[in-house]
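Observations on the three-dimensional arrangement
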Amino acid sequence: MIVAGAAVQGAAHLAHAQGCQDAFKAVDLGTVAVLAVADGAGGRQRSALGAHIAVDAACRILAEGVPGVADTPETWTGWIAEAGARVVEGYRRAVEGVLSAVSDPSEQVDAGALAATLAAAVVRPPWVAFLAVGDCFGTVLTHEPSGPGERCHLVLPPPPPGAPETVFLSSPGAGLRLRSFVLWEPQLSGVVLATDGCAALTLDHPSVHELPPCAGPLPAEQFFCGLAATLRANGGDAADLRALLSGPGAARTGDDLTVVCALTEGG
């Protein structure tokens, strides 16, 4: 598989001399790829550190004991639910360790200072297992040899407008609000995860496709399919992805933009 990712500082963060509060990580195990993106809560004192803790915990835990291609849906579903709970707990323990190491009373903070959202995926074609806490989102690419080429599908959407307050890994009861599910797709050609700052660049309003608002956001095929074609052509060089996240379209959001993906080499 081709695995690539990039994080770009948002325009508003640049204007206010803020560092990037997103993080991503990917583990390429040959026939399996583990992907994770995290978005540190804006305005929280150490949210960038919280985002890095989140992706580290996700990739470490999700790389262990991945079910096989021939395993049942029940096996995959049970595994990702249990692993997701361990990711939340792993994040919590790591944050507690960071907080306990702060000896200066003037620097004491609570877990909320490291608040972050998370989306992660384990890709073992034709299976993908997803988990998410908060507002990051995920798209799957498929390819039918006799069809119109590669297509994209928003399978892990961001919360709709007007949804309740964002849930963070540090939120009380975060483990109970974890979303996890599996997908079996024999035509799977790629998986892309993104932080919510990418929504304006990568998702279309339903009106673009002459659909009613209730249809919800749709993945922009020009972005996702174009990205996949570019990364396959350049062997996974993330420079082109970084340039895409820094381009004119990215100016529509002031937030950081982070994408990580795994693609089958043949499309």
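Structural data are supplied above this passage.
What comes next is a walk through the structure. These numbers were taken from a predicted model, which means no experiment stands behind them. (Residues numbered from 1 in each chain as written. Predicted model: local features only at pLDDT ≥ 70, side-chain atom pairs only at ≥ 80, totals over all residues. Heavy atoms only, no water.)

1. Details of the pairing of strand β3 (residues 33-40)
With 8 of its 8 residues buried, β3 lies for the most part within the structure. Residues Ala33, Leu35, Val37 and Asp39 line one face of β3 and the alternating positions Val34, Ala36, Ala38 and Gly40 line the opposite face, and both faces are buried. For strand β2 (residues 22-28) and β3, the ladder comprises 7 bridges, and the chain directions are antiparallel. Residue Asp22 lies in a different strand from β3, and its bridge partner there is Asp39. (Buried < 20%, exposed > 50% of the residue type's maximum accessible area, 1.4 Å probe, protein only. Helix = DSSP H or I, 4+ residues; strand = E, 2+ residues; numbered from the N terminus. Pairing = 2+ DSSP bridges.)

2. Describing the sheet that holds strand β9 (residues 188-194)
In space, the 5 strands of this open sheet follow the order β1-β12-β9-β6-β7, with antiparallel pairing throughout. Every interior strand has two partners, whereas the edge strands, β1 (2-8) and β7 (149-156), have only one. Across the sheet, the axes of successive neighbouring strands diverge by a mean angle of 15 degrees, strand direction being ignored. Strand direction decides the pairing type here: strand β6 (residues 137-144) and β7, joined by 7 bridges, are antiparallel. The residue bridging Leu141 from the neighbouring strand is Cys152, located in β7. In the packing of helix α5 (residues 221-234) onto the sheet, the strands contacted are β1, β6, β7, β9 and β12 (257-263), and the crossing angle to β7 comes to about 120 degrees. Strands β1 and β12 of the sheet are contacted by helix α6 (residues 238-245), whose axis makes an angle of about 35 degrees with β1. (Axes fitted to C-alpha atoms, helices over the stretch in contact; angles between N-to-C directions. Contact = heavy atoms within 4.5 Å.)

3. A word on the nonpolar core
Counting residues in hydrophobic clusters, the biggest one holds 37 residues, and the most contacted among them are Leu62, Trp79, Leu118, Val122 and Leu131. Those elements giving two or more residues to this core turn out to be β3, α2 (47-62), α3 (73-100), β4 (116-124) and β5 (127-133). Here this core gets 9 residues from one element, more than from any other, and that element is α3. Leave out the neighbours within four places in its chain, and Val122 touches Val32, Ala33, Val34, Leu62, Val66, Trp79, Trp127, Val128 and Ala129. Grouped together as the second largest cluster of nonpolar side chains are 25 residues, Ile2, Ala194, Cys261 and Leu263 included. (Core = buried A, V, L, I, M, F, W, Y, C linked by side-chain atoms within 4.5 Å.)

4. A word on the sheet that holds β2
Sheet architecture is open: 5 strands sit in the order β2-β3-β4-β5-β8, paired in antiparallel fashion. Each edge of the open sheet is held by one strand with a lone partner, namely β2 and β8 (179-184). The average angle at which neighbouring strand axes cross in this sheet is 10 degrees, direction not considered. Here α2 sits on the sheet in contact with β2, β3, β4 and β5, set at roughly 160 degrees to β3. Contacting β4, β5 and β8, α3 crosses the sheet at an angle of about 35 degrees to β5.

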